[in-house]
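Chain by chain, the residues run as shown.
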Amino acid sequence: MPAYRVLLFATLRDLAKQEALTLTLAPNATVGQLREALAAIPALQPYAESAVIAVNHAFTTDDTPLTPDDEIAAFPPVSGG
Amino acid sequence: MPQVTVTFFGALRQITGEPRITLEIPPGTTVAQLKALLLERYPALEKSFQGIVTSIGEITAEDDAPVPDGARIALFHPIAGGSKAAPENAFPTLTLVTEEALDLNALVAGITAPTTGAVVFFTGVVRGRTGEQETAYLEYEAYREMAEAKLRQVAAEIRERWPKVEGIVLVQRIGRLEAGTPTVLTACAAPHRNDGAFEAARYGINRLKEIVPVWKKEVGPGGAHWVHGHYHPTARDERTAAPPKNTP
């Protein structure tokens, strides 16, 4: 089963207590499946549904496909400015 | 010897490792000779000098322009706006995530072209008091590579919507920022004030707050908490906005 590395920022990083996670997902996994895997981590569960998931610096929808080579990031809705 | 300050933007700054240097130059030095001096000091700049724009104070300078004593030089890459950017659209686009204090005057000067007659700029400031709540400082964090890519996207969207806009600055400061400190600058230049500069600068800050991955943690007497935004960008935010039917 392929491993997918996920960068975490802000609240998600603080709750996970690490800057990146490695998740094992089915081949041809989608962003939606990654989101479910994040929700299965107790510390991240409250934020998984609202998390923004970016792939290779682009925003996604839950049906966006993933490959293990992608740069994947999960973070809360942005609050810059 | 005449002395000048040189400010580097974008990829150039990553090569020099310094945002700004002071340099002594022989009297009568031209822009081309100044660039040669910079190459001696930073040989790695050579690859990045292709297509570079130099400004002296308020205006873009050609290679044969003389560099006066005390000049404030800026070096940056113009980023073509939109997919159909005409080659003559060489107006500067400065997009940056930085730990450095924002030099508002220098940034505005950096986008002022000879044809510019109006610059509208917005700067956000750390608010020390919100109702009864006191804020000592904000801690800003960025997903830097994506944030810089999204700043470029916002600039491209502005160029599509407001074709008369000339120079654009979109800069987000990060790190620990005390109450009263400027945190962000969006500035748009145009020939005249009613050429869309006000609307474009407002669009710039609003869009930045939607899609640029930066977060702030608010720290006050009551503790610290992350501020979360309300916008959920999806794949459709990857498309730059179509030009409006009626140009504002």
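See the structure shown above.
Peer 1: Where do I start with the overall build of chain A in this structure?
Peer 2: Assigned secondary structure in chain A consists of 3 helices and 5 strands. Moving toward the C terminus, one meets the helices and strands of chain A in the order β-α-β-α-α-β-β-β. Buried residues in chain A amount to 54% of all 81 residues. Contacts in chain A between residues far apart in sequence, at least 24 positions, make up 47% of those at least 6 positions apart. The centroid of the 4 positive side-chain charges in chain A is displaced by 10 Å from the centroid of its 9 negative side-chain charges.

Peer 1: Would you mind showing me how to read the packing of helix α4 (residues 144–161) of chain B against helix α5 (residues 197–211) of chain B here?
Peer 2: Each pair of packed helices can be summarised by the angle the axes make with each other and by the distance between the axes. Residues and elements named next belong to chain B. Between α4 and α5, whose axes approach to 10 Å, the crossing angle comes to 145°. Regarding α4 and α5, the two cross each other, and that crossing is right-handed. Of the residues in α5, those touching α4 at K150, L151, Q153, V154, E157, I158 and R161 are A200, Y203, G204, R207, L208 and I211. Across the contact of α4 with α5, the residue classes tally to 7 nonpolar, 2 polar and 4 charged.

Peer 1: Hey, could you run me through the environment of G167 of chain B in this one?
Peer 2: Residues and elements named next belong to chain B. In this fold, G167 is placed in the loop between α4 and β11 (168–173). By relative accessible area, which is 0% here, G167 ends up buried. Along the chain, G167 and A190 lie 23 residues apart, while their C-alpha atoms are 7.3 Å from each other.

Peer 1: Explanation requested: the pattern of salt bridges in the structure shown.
Peer 2: When charged atoms on two side chains of opposite charge get close, those side chains can pair. One pass over the structure, following the stated rule, counts 15 salt bridges over all chains. Among the salt bridges present, the one from R13 of chain A reaches E141 of chain B, with a minimum N-O distance of 2.8 Å. In this pair, R13 of chain A is assigned in helix α1 (residues 10–16) and E141 of chain B in strand β10 (residues 137–142), connecting two distinct chains. Take R13 of chain A and E141 of chain B: they sit in the same class, and that class is buried. Across the pair R35 of chain A and D62 of chain A runs a salt bridge whose closest N-O atoms are separated by 3.0 Å. Of the two residues, R35 of chain A sits in helix α2 (residues 31–39) while D62 of chain A sits in the loop between β4 (58–59) and β5 (72–75), which places them 27 residues apart along the sequence. Judged by relative accessible area, which is 16%, R35 of chain A ranks as buried. Owing to a relative accessible area of 39%, D62 of chain A belongs among the partly exposed residues under this scheme. Connected through shared salt-bridge partners, R13 and D14 of chain A together with E141 and K217 of chain B make up one network.

Peer 1: So what exactly am I meant to see when it comes to the sheet that holds strand β15 (residues 223–227) of chain B here?
Peer 2: Pairing between the strands of a sheet comes from backbone hydrogen bonds, and it takes one of two forms, parallel or antiparallel. All names here are of chain B. Ordered in space as β12-β10-β14-β15, the 4 strands form an open sheet in which the pairing is antiparallel. Here the strands that pair on one side only, and so sit at the sheet edges, are β12 (175–178) and β15. Strand-to-strand, the axes of this sheet are offset by a mean angle of 25°, without reference to chain direction. In this structure, strand β14 (residues 214–220) lies alongside β15, joined through 5 bridges in antiparallel fashion. Bridge assignment links E218 to a residue of β15, and that residue is H225.

Peer 1: For this particular structure, what's the right way to read the packing of aromatic side chains?
Peer 2: Scanning the model with the defined rule gives 7 aromatic pairs over all chains in all. A centroid spacing of 6.3 Å and a plane angle of 65° characterise the contact between F75 of chain A and Y143 of chain B, whose relative ring orientation is edge-to-face. With F75 of chain A in strand β5 and Y143 of chain B in the loop between β10 and α4, this residue pair bridges two chains. The pair formed by F75 of chain A and Y143 of chain B is uniform in burial state, with each residue classed as buried.

Conventions used here
Residues numbered from 1 in each chain as written. Chains lettered and ligands numbered in written order. Predicted model: local features only at pLDDT ≥ 70, side-chain atom pairs only at ≥ 80, totals over all residues. Heavy atoms only, no water. Helix = DSSP H or I, 4+ residues; strand = E, 2+ residues; numbered from the N terminus. Buried < 20%, exposed > 50% of the residue type's maximum accessible area, 1.4 Å probe, protein only. Contact = heavy atoms within 4.5 Å. Lys, Arg positive; Asp, Glu negative; His and termini not counted. Charge placed at Lys NZ, Arg CZ, Asp CG, Glu CD. Axes fitted to C-alpha atoms, helices over the stretch in contact; angles between N-to-C directions. Left-handed = near helix turned anticlockwise from the far one by under 90°. Nonpolar A, V, L, I, M, F, W, Y, C, P; charged D, E, K, R; others polar. Salt bridge = Lys/Arg side-chain N within 4 Å of Asp/Glu carboxyl O. Pairing = 2+ DSSP bridges. Phe/Tyr/Trp six-rings, centres within 6.5 Å; stacked < 30°, edge-to-face > 60°.

Without other data, these values stay purely geometric and don't point to any function.
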